[in-house]
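Structural characterization, general
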Amino acid sequence: MLYKITDKEFGIIKLNLRRGMKNIIFRWKNDQLHIIAPIEATPENLHKSIDDNRPRIRACKADGIRFYEGQVIPLFRSSLTIKLDPSLDKYLVWGRDKSMPNHFIVSVPTRVDLNDIAVKKTISKVISDVCKRYAPEFLLPFARQEAERVGHIPKSFDISHGKRRLGYCTAQGDVKISHFLMLLDEEMVRCVICHELAHLVHLNHSPAFYSTLNQFLNGRQKELDFEINHFRWPIYT
């Protein structure tokens, strides 16, 4: 259920109340604070949690997204570099580095202001497009490898494009994982994939499901879930 609340410092906050949530999660998206909280959370609980976490919320503000010349952005089993190119007029260009097949380059006109929010959103869109284009090449073989490792093979693997849902498993046994996983490190990607593979055993989020998932992740389920929930996305999404 989606709501809005107001805070004296952070302004209008988008609130998403979800069943099954145990913790309150704070995220910045396009300069607006979003809160995901248990459906039982009261306004008093939420405002107290905001007050208790103000320093961390400020530190995670989306204004922290920065692009600069020579910046290297890690991608799953690959990387991407931001490069200023004086030969470009007004369009961004991206491509695969011919000398490094697992490396990509986004070339930006020298005259643009990399601190301008419109420019940052454009660069973010280009990086997302790179991830979308190459996710099948990088993510799907790893997903199949993980399925072999845990001994649960889905009917099919495919790429989806959501950030809110990084993966899902259908009742028919098809698993989809988001191209945004390209922005996560290998252990977090493994956690998302194993989460969906555990749904081949338990379609709900019961204690038995989390026990299975924890086995798949060698006892690191809570640790990796925390890292994913508090991950600072390097682009606007």
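Everything quoted here is computed from the prediction, not taken from an experiment.

To continue, consider the pattern of salt bridges. If you walk through the whole model with that rule in mind, you get 14 salt bridges. Its salt-bridge partner being R54, residue E9 comes within 3.0 Å of it at the nearest N-O pair. Of this pair, E9 sits in the loop between β1 (2-7) and β2 (11-18) while R54 sits in helix α2 (residues 54-59), placing them 45 residues apart in sequence. Judged by relative accessible area, which is 38%, E9 ranks as partly exposed. The residue E186 makes a salt bridge to R77 at a minimum N-O spacing of 3.1 Å. Remark: R77 occurs in the loop between β5 (72-75) and β6 (78-85) and E186 occurs in helix α4 (residues 186-198); sequence separation between them is 109 residues.

Further remarks concern the packing of α4 against helix α6 (residues 221-229). In contact at an axis separation of 10 Å, α4 and α6 are set at 105° when each is read in the N-to-C sense. When the interaxial angle is binned, α4 and α6 end up roughly perpendicular. Judged by residue contacts, E187, M188, C191 and V192 of α4 engage L224, D225, E227 and I228 from α6. Here the contact of α4 with α6 is built from residues that sort into five nonpolar, no polar and three charged.

Inspection of every chain in the model, using the stated rule, returns seven aromatic pairs. A centroid spacing of 4.6 Å and a plane angle of 40° characterise the contact between F104 and Y134, whose relative ring orientation is tilted. Note that F104 is positioned in strand β8 (residues 103-109) and Y134 in helix α3 (residues 117-150), a separation of 30 residues in sequence. Exposure remark for F104: the relative accessible area of 0% places this residue in the buried category. Aromatic ring contacts, followed pair by pair, group W94, F104, Y134 and F138 into a single cluster.

Take α6 next. Among all positions in α6, only Q221, L224, D225 and I228 are buried. Within α6, the buried residues cover an arc of 105° as seen down the axis, which keeps them to one side. Along α6, exposed side chains directed more than 90 degrees from the buried face belong to K222 and F226. Along its buried surface, α6 packs onto β3 (25-29), α4 and α5 (207-216).

This next bit is on unusual backbone geometry. Negative phi values dominate among residues other than glycine, just as trans dominates among peptide bonds. Phi is positive for R77, which is not a glycine, with a value near 55°. One non-glycine residue, N218, adopts positive backbone phi at about 55°. Looking at where N218 falls in the secondary structure, it is placed in the loop between α5 and α6. Owing to a relative accessible area of 66%, N218 belongs among the exposed residues under this scheme.

The strands making up a sheet associate through backbone hydrogen bonding, with each pair oriented either parallel or antiparallel. Taken together, four strands build an open sheet; the order of strands is β5-β6-β8-β7 and the sheet is mixed. Looking along the sheet, the strands with just one partner apiece sit at the ends: β5 and β7 (93-96). Shown here is a sheet whose adjacent strand axes are inclined to one another by a mean of 20°, direction ignored. For β5 and β6, the ladder comprises four bridges, and the chain directions are antiparallel. Residue I73 lies in a different strand from β6, and its bridge partner there is L80.

This next bit is on a positive patch on the surface. On the surface, K4, K14, K29 and R164 cluster together into a patch of positive charge. Positionally, K14 belongs in strand β2.

How each quantity is defined
Residues numbered from 1 in each chain as written. Predicted model: local features only at pLDDT ≥ 70, side-chain atom pairs only at ≥ 80, totals over all residues. Heavy atoms only, no water. Salt bridge = Lys/Arg side-chain N within 4 Å of Asp/Glu carboxyl O. Helix = DSSP H or I, 4+ residues; strand = E, 2+ residues; numbered from the N terminus. Buried < 20%, exposed > 50% of the residue type's maximum accessible area, 1.4 Å probe, protein only. Axes fitted to C-alpha atoms, helices over the stretch in contact; angles between N-to-C directions. Parallel < 35°, antiparallel > 145°, perpendicular 65-115°, else oblique. Contact = heavy atoms within 4.5 Å. Nonpolar A, V, L, I, M, F, W, Y, C, P; charged D, E, K, R; others polar. Phe/Tyr/Trp six-rings, centres within 6.5 Å; stacked < 30°, edge-to-face > 60°. Arc of directions from axis to C-beta. Pairing = 2+ DSSP bridges. Patch = residues over 30% accessible without salt bridge, like charges linked within 9 Å, V, L, I, M, F, W, Y side chains within 5 Å. Areas by Shrake-Rupley, 256 points an atom, 1.4 Å probe, with all protein chains shown as cover. Lys, Arg positive; Asp, Glu negative; His and termini not counted. Charge placed at Lys NZ, Arg CZ, Asp CG, Glu CD.

Interpretation in functional terms is not warranted from these geometric data alone.
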